[in-house]
Amino acid sequence: MKQVWRTVCLKDCPDACALLVTTDRGSVVNIAGDPEHPTTRGYICDKTRLQLEWLHSPDRIHHPLVRTGPKGSGQFRRATWDEAIAVIARRWREIIAAQGAEAILPYSYMGSEGLINARGLDRRFFHALGASKLERTICAAAGVFAYRQTVGIAGGIDPEHHERTRLLILWGLNVVASNIHQVPFIQAARRQGCRVVLIDPVPEGNAALADWIITPRPGTDATLALGLMNVIIREGLHDQTYVERYTHGFSALAERVAEYPPERVAAITGVEAATIVALARMYARTHPSLIRAGVGVTHHVDGDAAIRNMACLTGLTGAWQYPGGGMTFANYGWFPINYEALERPDLAPAGVRTINMSQLGQALLAAQSPVMSLYVYCSNPAVVAPDQRQVLAGLQREDLFVVVHDQVLTDTCRFADVILPACSQFEYEDLAISPWHLYLQHNARIIEPVGEARPNTEVFRLLASAMALQEPCLYDSDEELMRAALDHPQARAQGITLDALRVRGWMRVRSSTEALWPFRSGFPTPSGRLQFYSPDLAAMGLDPLPFSRPPLEASYPLHLVSRSARYFINTTYANLPTHQRRARGRPALLMHPVDAAARQIRDGDQVRIRNQCGECQLHVVITERIRPGVVASDGRWWLRSMPGGAGLNALTEQSVSCLGRGPTFNGMRVEVELANSPAPSQPPQPVDGNRR
């Protein structure tokens, strides 16, 4: 009765692991990595390996629910699908008649990375409805935007070529938590003589991978990159021939980086001037060199600028001309997906408003034109959205009609008017791309939906019918959606079809030669060159050159960094006992011994972390693997597991970054004190330098 299926992990993770899933009598009984996949290599992380606990969690939703008690009470009754869809359609018609369709807002991200269920029929439906558009910025979007302004596409070096490098800079990447399959490539490179530099204010967990650890102050990565460029140009270490042939705007760049000598950069970043000079010389003289940048770098007010500045470094040294040299941040752009056909943006009315998902609290509490209905899927905004106090206050509004489509009863579900049961990835068919490796993969439907669960696509077809929407494409089948996504010239040229993917499980989207030298003949920018100076940014009224913002005066002494967790993916799995036990058993705050001693805090103490936005409580883990003046916490625990019921986002603002309007999760300044110490008499007020 047992059967082994080839499929893929659809969680929000760069590794996009190829899976071998065993079923027995219609149930999943084992999940393992596919040893034949070139990057998975038979190994999967504990998050995925333990996913059976998620599938059978007592939090799993089995049938539709309709609210019966006050908002936030978690009181619901069972309903039928017909009733639930009818309730949604009736309320939406009332809202559209009174305030217009823009009063309805979809809220989603990558709780599933499946192309069809995460960004297919949902986009078509809300476009056709005329709902507000969601600017999906909460993860890597801001960095991708900045990177594209430099090299022209969200694409870099194939990770299978990372082992060729002789200098690998891991810049703000929590490898062991968020990109574990990078580790074998790092180890292979080191065996061949590669030097590995880790740049991170919190090297805890990753220090063993590096030969050299540099710990700048959080949020100063853009400045550090400018300082490296200053040394390279000042000492004539740049590749003059490459710069003249393949880059645009060098003279303007040289003038800009002249403002960032090592001494000034040292004062800003906390990295010694001698270290900046030594790293710049090593980077300029070592070939091939590779920068592997992480998403955490982007979650600052100029975090997207940091990614742009790193990309400019690769142009100065001509890193792209060496096999395996250059940069890897996001490889989405290499995938031959027809997003226009999949998402149908032409269905949206002209001029419809766009709301940044990182500013959800503001949208829910706006005095004019507030959001009147929120449809949540593939996300958990009560925990993951910035400024938790405002978000929860908005969700608490009795006049806000909230629908949540999810697999489990998340914190956001507590505020829902209607809850719809969602399928796990094993209960629907889909396609998957990766932001890291270059394999397009097929996700097989291998079990029947649990209870009355339905996938996103089926629900949006039901909603389209209930709202009497006439566009035929709103009723396309999942197979039609997948074939539309693959209707791309590059896919046709490479023989990438749905039928082939169903048989093979995965297919490579670029040849080895293309992946080795992605920009050998130039860059897909308007100038055909790597752009130190970006005309597009200038046209938008943004700084067209690499830049950084000077540090602002801090009203709180410690810098709080929010890191990827080894056993959670955002809030996914954070409700499960096994994952919680492995994640130190309780929400934790990493703290340097010097900072702990100054506050008479001991290892294991429960502390209160506070700032002008709010406060939360955690238990301290004292470690020297963190920069003094910095504290850090991993992942997003569910609020029921947080002492006091508040999470890290009780401390974050809704400010966004300079270029791509991404969140500034890692821009938090805080104070930490023992939880039983007297609370401040009144909430601290923000100072001018603290609001960005």
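The following refers to the structure shown. (Residues numbered from 1 in each chain as written. Predicted model: local features only at pLDDT ≥ 70, side-chain atom pairs only at ≥ 80, totals over all residues. Heavy atoms only, no water.)

### Description of the packing of helix H12 (residues 262-269) against helix H13 (residues 273-285)
Any two packed helices are characterised by the angle at which their axes cross and by the distance between the axes.
Working step 1: It is at 8 Å that the axes of H12 and H13 come closest, and there the two elements cross at 115 degrees. When the interaxial angle is binned, H12 and H13 end up roughly perpendicular. Judged by the twist between their axes, the crossing of H12 over H13 is right-handed. Between H12 and H13, the residues in contact are Pro262, Glu263, Val265, Ala266 and Thr269 and Ala273, Ile276 and Val277, respectively.
Working step 2: Split into classes, the residues belonging to the contact of H12 with H13 amount to six nonpolar, one polar and one charged. (Axes fitted to C-alpha atoms, helices over the stretch in contact; angles between N-to-C directions. Helix = DSSP H or I, 4+ residues; strand = E, 2+ residues; numbered from the N terminus. Parallel < 35°, antiparallel > 145°, perpendicular 65-115°, else oblique. Left-handed = near helix turned anticlockwise from the far one by under 90°. Contact = heavy atoms within 4.5 Å. Nonpolar A, V, L, I, M, F, W, Y, C, P; charged D, E, K, R; others polar.)

### Quick look at unusual backbone geometry
In most cases, non-glycine residues show a negative phi, while peptide bonds are predominantly trans.
Working step 1: The omega torsion of the bond from His287 to Pro288 falls at -10 degrees, within 30 degrees of zero and hence cis.
Working step 2: Here Pro288 shows up in the loop between H13 and strand E12 (289-293).
Working step 3: One non-glycine residue with positive phi stands out, namely Ser369, at about 50 degrees.
Working step 4: Looking at where Ser369 falls in the secondary structure, it is placed in the loop between helix H16 (360-364) and strand E15 (373-377).

### A short note on the nonpolar core
Working step 1: Counting residues in hydrophobic clusters, the biggest one holds 137 residues, and the most contacted among them are Trp92, Phe125, Phe126, Trp171, Trp320, Met327 and Tyr375.
Working step 2: For this core, the element with the most residues is helix H9 (residues 221-234), which contributes nine residues.
Working step 3: Aside from chain neighbours lying at most four places away, what touches Phe126 is Trp92, Ile104, Pro106, Ala131, Tyr375, Tyr377 and Phe460. (Core = buried A, V, L, I, M, F, W, Y, C linked by side-chain atoms within 4.5 Å. Buried < 20%, exposed > 50% of the residue type's maximum accessible area, 1.4 Å probe, protein only.)

### What to know about the pairing of strand E9 (residues 195-199)
Working step 1: When you tally the buried positions in E9, you get four out of five residues, the bulk of the element.
Working step 2: Sheet topology note: the strand E8 (residues 167-171)/E9 ladder contains five bridges and is parallel. Looking at the pairing, Ile169 lines up with Val197 of E9.
Working step 3: By the bridge criterion, three bridges tie E9 to strand E10 (residues 212-214) in an arrangement that is parallel. (Pairing = 2+ DSSP bridges.)

### Some remarks on helix H5 (residues 121-129)
Working step 1: Extensive coverage of H5 is indicated by the burial of nine of its nine residues.
Working step 2: Within the sequence span of H5, burial applies to Leu121, Asp122, Arg123, Arg124, Phe125, Phe126, His127, Ala128 and Leu129.
Working step 3: The positive-phi residue at the C-terminal boundary of H5 is Gly130, with phi of around 85 degrees.

### A word on the sheet that holds strand E1 (residues 2-8)
Strands pair in a sheet through their backbones, by hydrogen bonds, and they do so in one of two ways: parallel or antiparallel.
Working step 1: Spatially, three strands are ordered E1-E2-E3 in an open sheet, and the strand pairing comes out antiparallel. Both edges of this open sheet fall to E1 and strand E3 (27-33), since each of them pairs with a single strand only. In this sheet, adjacent strand axes meet at a mean angle of 25 degrees when their direction is disregarded.
Working step 2: Looking at chain direction, E1 and strand E2 (residues 18-24) are connected through seven bridges and run antiparallel. Residue pairing for E2: Gln3 is matched across the bridge by Thr23.

### Concerning the environment of Asp387
Working step 1: Along the chain, Asp387 falls in the loop between helix H17 (381-384) and helix H18 (388-395).
Working step 2: When its relative accessible area of 10% is taken as the criterion, Asp387 is described as buried.
Working step 3: For the pair Asp387 and Gly361, spaced 26 residues apart in the sequence, the C-alpha separation amounts to 6.9 Å.
Working step 4: The contact partners of Asp387, leaving out residues within four places of it in the chain, are Asn649, Thr652, Glu653 and Gln654.

### Quick notes on H12
Working step 1: Among the residues of H12, Pro262, Val265, Ala266, Ile268 and Thr269 are the ones counted as buried. Buried residues along H12 cover an arc of 165 degrees about the axis, so they all sit on one side. Counted as exposed and oriented over 90 degrees from the buried face of H12: Glu263 and Ala267.
Working step 2: Of the surrounding elements, those touching the buried residues of H12 are H9 and H13.
Working step 3: Of the residues one or two after H12, Gly270 is the one with positive phi, at around 80 degrees. (Arc of directions from axis to C-beta.)

### Here we look at the environment of Gly528
Working step 1: Tracing the backbone through its elements, the reader meets Gly528 in the loop between helix H23 (512-516) and strand E21 (530-531).
Working step 2: Separated by 101 residues in sequence, Gly528 and Glu427 have C-alpha atoms that sit 44 Å apart.
Working step 3: With near-sequence residues (within four places) excluded, Gly528 lies in contact with Gly522 and Phe523.

### Some points on the packing of H9 against H13
Working step 1: Closest axis-to-axis distance for the H9/H13 pair is 9 Å, and the angle between their directions is 65 degrees. Taken together, the axes of H9 and H13 are roughly perpendicular relative to one another. Note on packing geometry: the crossing formed by H9 with H13 is right-handed. Within the contact between the two elements, H9 uses Leu224, Gly227, Leu228, Val231 and Ile232 and H13 uses Ile276, Val277, Leu279, Ala280, Tyr283 and Ala284.

### Thoughts on the sheet that holds strand E18 (residues 430-432)
Working step 1: As summarised here, the arrangement of the three strands in space is E18-E19-E20, forming an open sheet in which the pairing is antiparallel. The open sheet terminates on both sides in strands that have one partner only, identified here as E18 and strand E20 (506-508). Averaged over all adjacent pairs, the angle separating strand axes in this sheet is 20 degrees, with direction ignored.
Working step 2: Across three bridges, the pairing between E18 and strand E19 (residues 439-443) is antiparallel. Within E19, the position partnered with Leu431 by the bridge is His442.

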